[in-house]
Amino acid sequence: MRPLKIITSGAQAAPVEALLPDYAGAVDLAFGSSLGSAHDSIPTRLGEGQRFDIYLLAQTGHEKLGEAGVLSAPFVPLVESRIGAAVAEGDTPPDISTPDALRAALLDAGSVAHAASASGIYLSTIVFPALGIAETMKDKARTIYSERVGRVVARGEAALGFQQMSELIPIPGITIVGSLPPEFDRTFVFGASLGDDPDMQDAANDFLDFLRSERAAEEFARWGLDPIG
C-alpha cells in the first residue's frame, strides 16, 4: 500500500508533525492553507487536480470547498484554535487586552502582518472594520502567503504579526503578545475530511482515530490547541 497522503493547514501542522513518529503507518505530509489563493493552498491544489487521503483544515475552509463540490466527505472537528499576536524577540509587547488598546497597537505599529487564511480573513473583514481602521490597515497590513507570519516578524519585516496561536508558538525569535481581546477572541474549529480513494479509506480512518487519541490530545494542547471531545 502506498503512503497515506495528508495535507494540513498551518494550525495543525506542528502537532501533526510531532505525532508522526508515534504513528505506525507511512505518511506523505504536505502543507497548505485552508483558504486563499496561494500557490500551495488546499483550494489551489484541488483546483489543479491534486488529491489527498486526509485534509486537515479549518471548518470554514471545508464548508467553502463543500459548497464548490470539491470535498464531499463530512467534516470531523478535532481542535479549537485562537488567534495570537507576536512581536520580534526583544521588542516591547504592546497592550492588546481591550479593543481600544488593540486599535492603538495596530495604528502605532510601523507594519502589520497577518495570514492569508482564516485568521487573516477574520482580521481584515471583521476586526479592522469594527475598530474603524479598515482603510488605514489596507496600506499598513500585509498578507503573508505560504510562510508563517512569525518568521516575517522574527526577520524584522513586520512590527506586529497575527496568526493562529499554534502557528506562532513554534517560531524562534518572536515574543507572543497574547490573544485578541475578549470582544474579538473568536474560536476557530479545525479538523479533518477524508479523501475518496476507496483503497485508502481504512488507513485514513486509522489515522483519524490516532488524531483523536489521548496521546494526540496532549500534543495538540502543547501547541495551544484545545482538543474537541
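The paragraphs below set out a description of the structure included in this document. Sequence order as written defines the numbering, with residues in each chain counted from 1. Local features in this predicted model are restricted to residues of pLDDT 70 or higher, and side-chain atom pairs are both shown and tallied only at a pLDDT of 80 or more, whereas totals for entire chains, interfaces and linings draw on every residue. Only hydrogens and water are set aside; all other atoms, that is, all heavy atoms of the structure, feed into the side-chain values.

With that settled, the discussion passes to the overall build of the chain. What the chain contains, in helices and strands, is 10 helices and 11 strands. Radius of gyration here uses only the C-alpha atoms, and the compact-globule reference equals 2.2 Å multiplied by the residue count raised to the power 0.38. For the chain, whose C-alpha radius of gyration is 18 Å, the value lies close to the compact-globule estimate of 17 Å for 229 residues. Once the C-alpha set of the chain is aligned to its principal axes, its extents read approximately 55 × 35 × 30 Å. Classification of the 229 residues of the chain by burial places 50% in the buried group. In DSSP terms, a helix is any run of H or I states spanning at least four residues, a strand is any run of E spanning at least two, and both are numbered starting from the N terminus. For every residue, the accessible area obtained with a 1.4 Å probe (protein chains only) is divided by the maximum for its type, and the residue is called buried under 20%, exposed over 50%, and partly exposed between those limits.

Residues grouped as a nonpolar core are buried Ala, Val, Leu, Ile, Met, Phe, Trp, Tyr and Cys residues, joined through side-chain atoms within 4.5 Å. In terms of nonpolar packing, the biggest core is built from 50 residues, with Ile-54, Leu-102, Leu-106, Leu-160, Phe-162, Phe-207 and Leu-211 touching the most fellow members. In terms of residue count, the dominant contributor to this core is helix 9 (residues 201-211) (six residues). One finds Ala-115, Val-153, Leu-168 and Ile-174 within the second-largest nonpolar core, a separate group that totals 12 residues.

Let us now look at the pattern of salt bridges. A side-chain nitrogen of Lys or Arg and a carboxyl oxygen of Asp or Glu constitute a salt bridge if their distance falls within 4 Å. This model, assessed by the stated rule, comprises 13 salt bridges. Note that Glu-157 and Arg-155 form a salt bridge whose closest N and O atoms lie 3.0 Å from each other. The partly exposed category is assigned to Glu-157, whose relative accessible area is 39%. For Arg-155, a relative accessible area of 45% corresponds to the partly exposed category. Of the charged contacts in the structure, one is a salt bridge between Arg-212 and Asp-209, with a shortest N-O distance of 3.1 Å.

Quick look at unusual backbone geometry now. Although it is not a glycine, Ser-146 sits at a positive phi angle of roughly 60°. In this fold, Ser-146 is placed in the loop between strand 7 (141-144) and helix 7 (149-154). By relative accessible area, Ser-146 is classed as partly exposed at 41%.

Paired strands are those between which DSSP finds at least two bridges. As summarised here, the arrangement of the six strands in space is 2-1-3-10-4-11, forming an open sheet in which the pairing is mixed. Two strands in the sheet have a free side with no partner beyond their single neighbour: strand 2 (27-31) and strand 11 (226-227). Residue contacts are defined here by distance: any two heavy atoms, one from each residue, within 4.5 Å place the two residues in contact. Whenever a helix is involved, its axis is fitted only over the stretch in contact; in every case the axis is a line through C-alpha atoms, and angles between N-to-C directions fall within 0 to 180 degrees. Packing of helix 1 (residues 10-19) onto the sheet brings it into contact with strand 1 (4-8), strand 2, strand 3 (54-58), strand 4 (76-81) and strand 10 (188-194), and relative to strand 2 it is tilted by some 150°.

Pairing is mixed across the open sheet formed by five strands, whose spatial order is 7-6-8-5-9. Of all the strands in the sheet, the pair left with one neighbour each is strand 7 and strand 9 (174-179). Sheet twist, expressed as the mean angle between neighbouring strand axes with direction ignored, is 30°. Contacting strand 5 (83-88), strand 6 (112-115), strand 7 and strand 8 (160-164), helix 5 (residues 118-130) crosses the sheet at an angle of about 120° to strand 6.

It is worth spelling out helix 9 at this point. Among all positions of helix 9, only Ala-203, Ala-204, Phe-207, Leu-208, Phe-210 and Leu-211 are buried. Down the axis of helix 9, the buried set is contained in an arc of 155°. They therefore lie on one face. The directions considered for the arc run from the helix axis to the C-beta atoms.

All right, on to the side chain of His-114 then. Checked against the element boundaries, His-114 lands in strand 6. Overall, His-114 belongs to the buried group, its relative accessible area being 5%. Ignoring any residue separated from it by four or fewer positions in sequence, one finds His-114 in contact with Gly-120, Leu-123, Ser-124, Phe-128, Ala-141, Arg-142, Thr-143, Ile-144, Val-149 and Phe-162.

Turning to the packing of aromatic side chains, a few remarks are in order. A pair of aromatic rings is counted whenever rings of Phe, Tyr or Trp (Trp by its six-membered ring) have centres within 6.5 Å, and the orientation is called stacked for planes under 30 degrees apart, edge-to-face for over 60 and tilted otherwise. Under the defined criterion, the tally for this structure stands at five aromatic pairs. For the pair Tyr-23 and Phe-207, a centre-to-centre distance of 4.9 Å together with 85° between the ring planes defines the contact as edge-to-face. Taken together, the residues Tyr-23 in the loop between helix 1 and strand 2 and Phe-207 in helix 9 connect sequence positions 184 residues apart. The class of Tyr-23 is buried, set by a relative accessible area of 12%.

The next thing to look at is the packing of helix 1 against helix 10 (residues 214-222). Contact geometry of helix 1 with helix 10 gives a least axis separation of 9 Å together with a crossing angle of 135°. One element, helix 1, and the other, helix 10, form an angle in the oblique class. As helix 1 runs across helix 10, the sense of the crossing is right-handed. Packed against helix 1, whose contacting residues are Gln-12, Pro-15, Ala-18 and Leu-19, the element helix 10 presents Arg-215, Ala-216, Glu-219, Phe-220 and Arg-222 at the interface. Ten residues, namely Ala, Val, Leu, Ile, Met, Phe, Trp, Tyr, Cys and Pro, are considered nonpolar, four, namely Asp, Glu, Lys and Arg, are considered charged, and the remaining ones, Gly among them, are considered polar. The residue makeup of the contact of helix 1 with helix 10, split by class, is five nonpolar, one polar and three charged. Any angle that is under 35 degrees is reported as roughly parallel, and any over 145 degrees as roughly antiparallel; angles of 65 to 115 degrees are reported as roughly perpendicular and all others as oblique. Crossings are classed by handedness, with left-handed meaning an anticlockwise turn of the near helix from the far one by less than a right angle and right-handed meaning a clockwise turn.

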